[in-house]
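Here's the letter readout for the chains.
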Amino acid sequence: EIEVVLRFVLDQMGETNLEINYVIEKKIKNAQNHLHCFIRCNNKKKLIQCFRLGFSQLSYHQSPIFDLESWKGYITKHNNEIKTLKNGK
């Protein structure tokens, strides 16, 4: 379901250079899926609005990434593969 919502967000954005790089993990305490990602986009406000439309419950933390390689290492710590969605427009 998360991947369907991410595709919805990508389509709603209509942005040529949008790229969503993500990993889906399960929380240890309740096995609930959650998302780690890094996104390249031009309109962050619209991006958050599209995420709110797609996910009925949305909690997020946004911060600048100063060391992308370390972030990639963190989100793949359980041998998760980073998946990428790009806007083909």
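To be clear, the structure that these remarks concern was listed above.
These numbers were taken from a predicted model, which means no experiment stands behind them.

Before going further, it helps to spend a moment on the nonpolar core. Residues Leu-6, Val-9 and Ile-20 are the most contacted members of the largest nonpolar core, which totals 15 residues. Listed by contribution, the elements that provide at least two residues to this core are helix 1 (2–13), strand 1 (19–26) and helix 2 (44–54). With 6 residues, the single largest contributor to this core is helix 1. For Leu-6, the residues in contact, after removing those within four places along its chain, are Ile-20, Tyr-22, Leu-35, Phe-51 and Leu-85.

It is worth spelling out the packing of aromatic side chains at this point. Taken as a whole and assessed by the stated rule, the structure comprises 2 aromatic pairs. Measuring from ring centre to ring centre gives 6.0 Å for Phe-51 and Phe-55, while their planes differ by 10°; the resulting arrangement is stacked. In this pair, the class of Phe-51 matches that of Phe-55, namely buried. The aromatic ring of Tyr-74 is capped on one face by Lys-77, whose charged end is 3.8 Å from the ring centroid.

Attention shifts here to the sheet that holds strand 3 (residues 83–86). Pairing within the open sheet is antiparallel, and its 3 strands lie in the order 2-1-3. Edge positions in the sheet fall to strand 2 (33–40) and strand 3, since each has one partner strand and no second. Each strand of the sheet is rotated relative to its neighbour by a mean of 25°, with strand direction disregarded. As defined by bridge partners, strand 1 adjoins strand 3 across 4 bridges and the pair is classed as antiparallel. The partner of Ile-20 across the bridge, within strand 3, is Leu-85. Here helix 1 sits on the sheet and contacts strand 1, strand 2 and strand 3; the angle it forms with strand 1, its principal contact strand, is near 160°.

Scoring rules and cut-offs
- Residues numbered from 1 in each chain as written.
- Predicted model: local features only at pLDDT ≥ 70, side-chain atom pairs only at ≥ 80, totals over all residues.
- Heavy atoms only, no water.
- Core = buried A, V, L, I, M, F, W, Y, C linked by side-chain atoms within 4.5 Å.
- Buried < 20%, exposed > 50% of the residue type's maximum accessible area, 1.4 Å probe, protein only.
- Helix = DSSP H or I, 4+ residues; strand = E, 2+ residues; numbered from the N terminus.
- Contact = heavy atoms within 4.5 Å.
- Phe/Tyr/Trp six-rings, centres within 6.5 Å; stacked < 30°, edge-to-face > 60°.
- Lys NZ or Arg CZ within 6 Å of the ring centre and 35° of its normal.
- Pairing = 2+ DSSP bridges.
- Axes fitted to C-alpha atoms, helices over the stretch in contact; angles between N-to-C directions.

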